[in-house]
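# Summary of structural features
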Amino acid sequence: MKSKHIFAINLFGLMIGLTTVILIMLWVKDEMSINRYHTQVNQIYQVMTNHDNSTGIVTIPYTPAEMAEAMGAELTQVEATTAISPFIEGVSFEQGDTKMNGDGFFVDQEYFQIFDVEFVAGNRDKALNDINAITISETLANKLFGSPQLALGKSLKWQVFDFKNEVEIEGVYKDFGNLDVVKPDFLLAFPYFKQMLGEGAHWDNFNATAVVLLKEGTDVSAFNAQNSDFIKNREAESNVSVFVQPFGDTYLYGTYEDGKVAGGRISYVKIFSAIAAFILIIACINFMNLTTAKSMSRLKEIGVKKTMGASRGGLFTQFITESLVLTFFAMVLAILVSYLLQSFFNQVTSKTLALDFQPDVLLILGGIWLITGLLAGIYPAIYLSKFKPVEVMKSNLKGSFGELLARKGLVVFQFSISLLLIIGISVLSKQMNYIQGQNLGYNQSHLLELNASGIAPNQLTTYLEETKKIPGVSNASSLSHPLVGLASSTIGLTWDGKNEEEQVKFENISINMGLIETMGFEMAAGRAFSPAFGSEETKIILNQAAVKTIGFQDPVGQIVNLWGEDKEVIGVVKDFHFESLKEKVKPAFLKYDPDFAQKVMVRIESNDQLASIAGISEVYEKFTGQPLSYSFMDEDYQSLYASEQRASNLAKYFGATAIFLSCLGLFGLAAFTAEKRKKEIGVRKVMGASLISILTLVSKDFIALIFVAILIAVPVAWYFANNWLQSYAYQTDLSWWIFAGSGVLLIVIALITVGYQAFKAASANPVNSLKSE
């Protein structure tokens with residue numbers, strides 16, 4: 001009640017810090033929960049394969065289709081196994097007159113023994129025992145049949161590429177939730193997937209994911225050592241070793257170097273957890289500085305209480321209690337503000353986070369409150385309770401060098417963290433802008449991507465020709481998979497002079513006529529596929545990285561062998577990016593195979609996109625009987641950097657929060673200094689000191705602190721920024737102006753913050769500061 005403005009600043013600062021911590025806590029808790037909710041998660045492991053190629057070790061989550069079954073039959077440590085196909089998009093479903101697309105997996109029946117899949121209809125123990133069985137999601141059941149119960153036992157036709165089958169619905173499961181990375185609309189029987197693979201289901205083809213349930217107490221390190229050569233024991237020439245990774249870690253730990261886990265999304269969890277801790281510490285420092293800055297007004301109170309018999313411990317308890325009570329009020333307000341910001345925070349993070357009050361959340365919030373209250377109050381409590389009554393009553397107090405150093409050190413710490421965030425945000429934004437401005441080797445603007453798996457292969461050419469006739473469509477073609485990541489690679493490409501012991505992995509892209517022109521690929525040599533040259537099935541096009549890997553000096557006209565068939569190289573396409581810019585362009589080849597080119601790319605003009613899309617939709621529905629679902633290529637490309645973009649957005653908000661709280665801390669120290677030097681300033685003014693000289697007197701020490709913060713933060717920021725940029729094969733440079741500009745910005749912010757207190761002290765009437773004597 002006596003110092004309402006100080007109370008308000010303390011409350012506001014702690015509330016902002018606690019709100020930030022609560023929001024980050026929700027985000028971290030969600031990230032740490034993905035893939036980890038399954039009852040047996042501590043026993044579930046995903047089988048990974050290390051491919052020792054000429055360009056280094058490549059780690060992928062794919063195994064031969066027979067892998068899971070073989071491990072279950074031969075390894076005593078394995079309790080259950082399941083094989084999972086790649087996520088298959090755009091499967092066409094037909095039930096009566098109703099048609100629609102769905103995405104999902106082929107899985108073994110054991111999938112339901114390993115993972116927690118909740119059934120709303122049907123028997124999960126028998127759901128996929130038959131090769132002609134299917135289980136579907138509750139949403140798909142409602143769309144096709146009206147309810148899960150009505151769906152059970154019904155027949156359903158499906159088609160993808162030129163594969164189709166009629167299956168019986170033996171189960172309906174509850175929709176996969178936010179803690180699952182992918183959310184399948186259906187689960188089909190894996191044996192049918194092996195039939196689809198045909199001769200491709202061999203130990204040299206990595207086209208499935210194997211998951212094992214290890215028995216309790218299994219030594220995973222020993223298990224990996226014993227089974228590293230599981231594939232090599234079946235394929236003597238194989239360069240592939242095997243290991244298992246906890247399934248609960250697959251989301252957070254997805255980056256590998258030299259065949260070992262090297263991080264992944266866990267880095268963002270660590271970064272934002274550290275940011276939360278730093279922001280909370282900054283908020284606590286503000287409390288310390290403001291409390292000690294106003295301590296002079298409580299000296300007489302402390303002296304009287306000590307004279308009347310109050311112990312130091314009693315006073316310490318009083319001040320800690322005050323801190324805990326204030327922190328409690330701040331926590332209540334922070335919970336309210338967090339609840340109000342929930343919707344906005346979900347938009348920024350692309351999540352559906354909810355602040356509930358489950359026992360674990362209440363325990364975390366209680367712990368945050370207690371730690372914050374003690375952290376914020378411990379120094380002021382020690383500082384205020386140690387005063388001796390005689391010195392207090394005589395006003396004969398002198399701050400120690402240690403106290404002064406501690407306060408200034410806290411401010412240096414605050415602004416060092418703020419500068420780290422400013423530089424980090426600048427580097428992250430510069431790298432994102434660099435990525436967006438990179439030449440990908442093709443024109444991704446105005447390029448529509450849609451799935452044509454519901455169109456029979458013998459109708460695809462007709463469909464593409466009709467699509468090209470639509471006003472505003474400049475070209476259309478198809479390929480086997482979108483160019484936003486590795487999807488199909490092979491070591492089956494050989495050539496004369498190839499070292500037989502060396503295995504080279506090539507990205508395998510099947511394309512249709514006109515795909516090169518539609519995408520805007522540039523030819524470095526030779527020609528593209530064209531009907532003018534007759535049959536093109538025996539021809540192949542290499543990218544520049546493949547030519548360099550093979551060592552061809554004049555590649556056009558050379559003969560290579562793909563899976564036992566000779567292919568003539570008719571052209572070389574300039575390198576184009578089909579992964580994120582974290583990776584160098586890998587060797588790749590394009591082959592003419594329209595039967596497997598079901599991903600349609602349509603180039604439209606920019607003048608009337610809505611009319612063009614309406615025409616494309618009409619033709620699509622004519623051929624499939626389904627509504628059009630499409631995406632723009634540039635949006636798909638940006639999805640490769642979704643984590644970085646979200647991290648950048650979050651960092652901007654949290655960086656602004658840290659800077660604001662640091663200014664509050666500086667405000668507190670300036671107030672403390674002005675309070676301590678009030679009489680000195682009064683004397684100087686009486687002796688004729690000017691306003692400018694007083695402003696300089698009060699401000700210079702603080703600017704010196706900012707320079708110290710800059711000297712500390714810049715090398716640390718350079719180190720971490722440089723390390724982060726090393727994760728990109730194509731990276732921007734660390735420009736000097738980022739560090740210089742960030743430092744100048746920090747000095748300007750500090751000057752504005754200190755300037756208020758300095759001007760207030762310099763313009764005060766000296767009579768008021770001297771008359772108390």
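Located above this text is the structure these notes cover.
The notes below deal with the structure included here.

Reading the values: rules and limits
- All chains use their own residue numbering, which begins from 1 and follows the written sequence.
- The predicted nature of this model means local features are confined to residues of pLDDT at least 70 and side-chain atom pairs, given and counted, to a pLDDT of 80 or more, with totals for whole chains, interfaces and linings taken over all residues.
- Hydrogens and waters are ignored; side-chain quantities use all the structure's heavy atoms.
- Segments assigned H or I by DSSP are reported as helices when at least four residues long, segments assigned E as strands when at least two residues long, and all are numbered from the N terminus.
- Exposed residues in this analysis have more than 50% of their type's maximum accessible area, buried residues have under 20%, and partly exposed residues fall in between, with area computed by a 1.4 Å probe over protein chains only.
- Two residues form a contact once any of their heavy atoms are found within 4.5 Å.
- Only the protein chains shown count as cover for residues, and all accessible areas are computed by the Shrake-Rupley method using a 1.4 Å probe.
- His is not counted, nor are the chain ends, whereas Lys and Arg count as positive and Asp and Glu as negative.
- Each charge is placed at NZ for Lys, CZ for Arg, CG for Asp and CD for Glu.
- Only buried Ala, Val, Leu, Ile, Met, Phe, Trp, Tyr and Cys residues count toward a nonpolar core, and they belong to the same one when joined by side-chain atoms within 4.5 Å.
- Orientation is described by axes fitted as lines to C-alpha atoms, over the contacting stretch for helices, and by angles from 0 to 180 degrees between their N-to-C directions.
- Put simply, a crossing is left-handed when the front helix is turned counterclockwise from the back one by less than a right angle, and right-handed when it is turned clockwise.
- All amino acids are sorted into three groups, where Ala, Val, Leu, Ile, Met, Phe, Trp, Tyr, Cys and Pro are nonpolar, Asp, Glu, Lys and Arg are charged, and the leftover types, Gly among them, are polar.
- We call two directions roughly parallel when the angle between them is under 35 degrees, roughly antiparallel when it is over 145, roughly perpendicular when it lies between 65 and 115, and oblique otherwise.
- Take the number of residues in a helix, subtract one, and multiply by 1.5 Å to get its expected span.
- Here the bend at a residue is taken as the angle between two axes, fitted respectively to the seven residues that end there and the seven that start there.
- Following DSSP output, two strands are said to pair if at least two bridges run between them.

### Observations concerning the overall build of the chain
Scanning the chain from N- to C-terminus turns up 23 helices and 26 strands. Based on the C-alpha atoms only, the size of the chain along its principal axes is roughly 105 × 60 × 55 Å. Within the chain, the fraction of its 773 residues that count as buried is 51%. Across the chain, the fraction of contacts at a sequence separation of at least 24, relative to all contacts at a separation of at least 6, is 78%. Element-wise, carbon and sulfur atoms account for 56% of the exposed surface of the chain, whose accessible area totals about 34900 Å². Averaging the positions of the 61 positive and the 75 negative side-chain charges in the chain gives two centres separated by 21 Å.

### Topic: the environment of V602
Within the secondary structure, V602 sits in strand β25 (residues 599-604). Residue classification places V602 among the buried residues on the basis of a relative accessible area of 0%. Put simply, V602 and G259 are 343 residues apart on the chain and 39 Å apart in space, counted from C-alpha to C-alpha.

### Concerning the nonpolar core
Judged by nonpolar contacts, the single largest core of 54 residues is most densely connected at W27, F272 and F654. Among the secondary structure elements, those contributing two or more residues to this core are α1 (4-33), α8 (266-293), α10 (312-349), α11 (359-385), α13 (401-436) and α19 (642-676). Take this core: its biggest share by element is 15 residues, from α1. Every residue in contact with F272, bar those within four places of it in the chain, is listed here: I24, W27, A647, L650, A651 and F654. Counting 49 residues, the second-largest nonpolar core is a separate cluster that includes L156, I169, F186 and F190.

### Concerning the packing of α1 against α11
Running from N to C, α1 and α11 cross one another at 145°; their axes reach a closest spacing of 12 Å. Judged by the sense of rotation from one axis to the other, the crossing of α1 with α11 is right-handed. Across from L14, L18, V21, I22, M25 and K29 in α1, the residues of α11 making contact are D360, V361, I364, L365, I368 and T372. Broken down by class, the residue content of the contact of α1 with α11 amounts to nine nonpolar, one polar and two charged.

### Digging into the environment of S429
Relative to the helices and strands, S429 is located in helix α13. For the pair S429 and E644, spaced 215 residues apart in sequence, the C-alpha separation works out to 9.4 Å. Excluding anything up to four places from it in sequence, S429 contacts S648 and K652.

### Let's talk about the packing of α1 against α10
At a minimum axis distance of 7 Å, the contact between α1 and α10 shows a crossing angle of 45°. Our classification of the angle between α1 and α10 gives oblique. Every pair of crossing elements has a handedness; the one defined by α1 and α10 is right-handed. Class assignment for the residues of the contact of α1 with α10 results in 18 nonpolar, five polar and no charged.

### Considering helix α21 (residues 691-725)
For α21, built from 35 residues, the straight-helix expectation of 51 Å at 1.5 Å per residue is met to within 8% by its first-to-last C-alpha distance of 48 Å. A bend of about 40° at S699 is the largest found in α21.

### Section: the pairing of strand β1 (residues 44-53)
Judged by how many residues are buried, β1 sits mostly within the fold: nine of 10 residues are covered. With three bridges joining them, β1 and strand β11 (residues 209-214) adopt antiparallel strand pairing. The partner of Q46 across the bridge, within β11, is V211. Here β1 pairs with strand β12 (residues 240-246) via seven bridges, running antiparallel.

Function cannot be read off these values alone, since they describe shape.
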